[in-house]
Amino acid sequence: MITTLSLLPGVTLRCFRDTRVKQRCLSVQFVRPMCREEASLNALLPAVLLRGSVNAPDMRSVTLRLDDLYGASMGTLVRHIGDYQTTGLYCSFISDEYTLDDDTIFAPMVAFLREILLQPVLENGVFRADYIQSEKKNLISTIEAQRNDKRAYAAQQLFAKMCPKDAYGIPRLGEISRVRAITPEGAYAHYRRVLKESPIEIFYVGELSAEAVAEQILPVFQSMERSYVNLKDQTPFTSSGGGEFTETMDVEQGKLTMGFVTPITLREEAFAAMQVCNTVLGAGMTSKLFMQVREKMSLCYDIGSAYYGSKGILGVYAGIDCSKEQTVRQEVLRQLEKMTQGEITEEEMTAAKQALISRLRSTHDTPGAIENYYATGALSGMDMIPETYIAKIEAVTARQVAEVAKTLTLDTVYFLKGVQA
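Since we're looking at a predicted model, the values are computed, not measured.

Thresholds, definitions, all that
- Residues numbered from 1 in each chain as written.
- Predicted model: local features only at pLDDT ≥ 70, side-chain atom pairs only at ≥ 80, totals over all residues.
- Heavy atoms only, no water.
- Helix = DSSP H or I, 4+ residues; strand = E, 2+ residues; numbered from the N terminus.
- Contact = heavy atoms within 4.5 Å.
- Buried < 20%, exposed > 50% of the residue type's maximum accessible area, 1.4 Å probe, protein only.
- Polar contact = N/O pair within 3.5 Å; in protein donor to acceptor, adjacent residues only side chain to side chain.
- Axes fitted to C-alpha atoms, helices over the stretch in contact; angles between N-to-C directions.
- Parallel < 35°, antiparallel > 145°, perpendicular 65-115°, else oblique.
- Left-handed = near helix turned anticlockwise from the far one by under 90°.

Engineer: Account for unusual backbone geometry, naming residues and giving values.
Structural biologist: At aspartate 101, a residue that is not glycine, the phi angle is positive and equals roughly 55°. With respect to the element layout, aspartate 101 can be found in the loop between strand 5 (84–94) and helix 3 (106–118). The phi dihedral of aspartate 102 falls on the positive side, at around 60°, and the residue is not glycine. Secondary-structure assignment places aspartate 102 in the loop between strand 5 and helix 3.

Below you can see the structure in the form of structure tokens.
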């Protein structure tokens, strides 16, 4: 289903042929090693590029050009995938077969993408200062908004405490202090470095063959001066010792987060079993944590778990009355211990598998979902079609779930509590 072509050294095109819907998509990602020094720069870069090109020098001009392409859209793409961060653009547009008077969309879409990527608006040889300043404000507002979402904030703090020496502890959008320090000169120098050094991942969803897409997209990258640097392979999480951390804030509801580690990543054969394990434990309304800790024991307002397969981390998140912290922690550990002892019902296994399989089957529902699944999977190390993954999920046994549960070790606890607690 996926055709992969190496267009140039360090430039990879992946194509998924799909004729079911009118919309098509094309993404371009520059892949960087995730590091604190440039995370904010990478997050800012695509937003600055979208402010305009030489021939469409402002946002209104960009919008008009996209409107001419039958209402196409172009957006920023910033991802944190294990040890990598990607920065780039995502384009959505209709298929040529739905245009009027034999108009074509794909070729002019690629041409405009080239303009945005390679012909940005400059001032004195660098990015325009007002564009940089405006997008810095937007990025800072986005980061601050995440802090206002206390569940998301607690999760990020868990990773920061758990991974002080690991790339996974760095926020996807970087840090406010580093955003503020960005200058037009620094941003432009980084942009040139990104174009020259980064491996480039291109993904297309539509009716065109990989060869037809390559014919259109190759000239964009042939014109670039390149001496790309190979990325190191993805690595599993290595603990820095863990610990327990408490932060006090003016909140009515405490946020308890518990970070567990496992040697099982999505690159391991036991990955499917660990996904089922996570779902049985806490990922959903039929899970042990939801049914026992929330519904039966009424110990929390909400509770759940998430497994980050690129690193081998499982996080448990609970909104609680601050006075119940220790009780909830003990009950989470007790539910996990029950799983290691094989106390997993057939109903729990069936519900967990159905939830995972339903999610996988929705992978092909939209071009965006297709791009997200395959483009992210290729970089994380799990290059697997959903059908193959579904078969692995279906084959998982309760005994296998119990065995992988035994590999989970509590590493770090972060608790956000109220000032009156």
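Engineer: Help me get a handle on the environment of serine 227, residues and values and all.
Structural biologist: Looking at the secondary structure, you find serine 227 in the loop between helix 8 (210–222) and strand 9 (243–249). When the C-alpha atoms of serine 227 and glutamate 197 are compared, they prove to be 5.6 Å apart, with 30 residues separating the residues in sequence. The contacts of serine 227, once residues within four sequence positions are left out, are Lys196 and Glu197.

Engineer: Explain the environment of arginine 147 to me, using residue names and the numbers behind them.
Structural biologist: Locating arginine 147 in the fold gives a position in helix 4 (residues 129–148). Of the residues examined, arginine 147 reaches a relative accessible area of 41% and is grouped as partly exposed. Along the chain, arginine 147 and isoleucine 94 lie 53 residues apart, while their C-alpha atoms are 37 Å from each other. Not counting residues up to four positions away in its chain, the partners in contact with arginine 147 are Tyr153, Glu247 and Met249. At 3.2 Å, the side chain of arginine 147 forms a polar contact with the side chain of tyrosine 153.

Engineer: Go over the packing of helix 9 (residues 271–281) against helix 12 (residues 346–361), please, and point to the residues and values.
Structural biologist: At their nearest, the axes of helix 9 and helix 12 sit 9 Å apart, and the two run at 115° to each other. Taken as axis vectors, helix 9 and helix 12 run roughly perpendicular relative to one another. Note that helix 9 runs across helix 12; the crossing there is right-handed. Across from Gln275, Val276, Thr279 and Val280 in helix 9, the residues of helix 12 making contact are Glu348, Met349, Ala352, Ala355 and Leu356.

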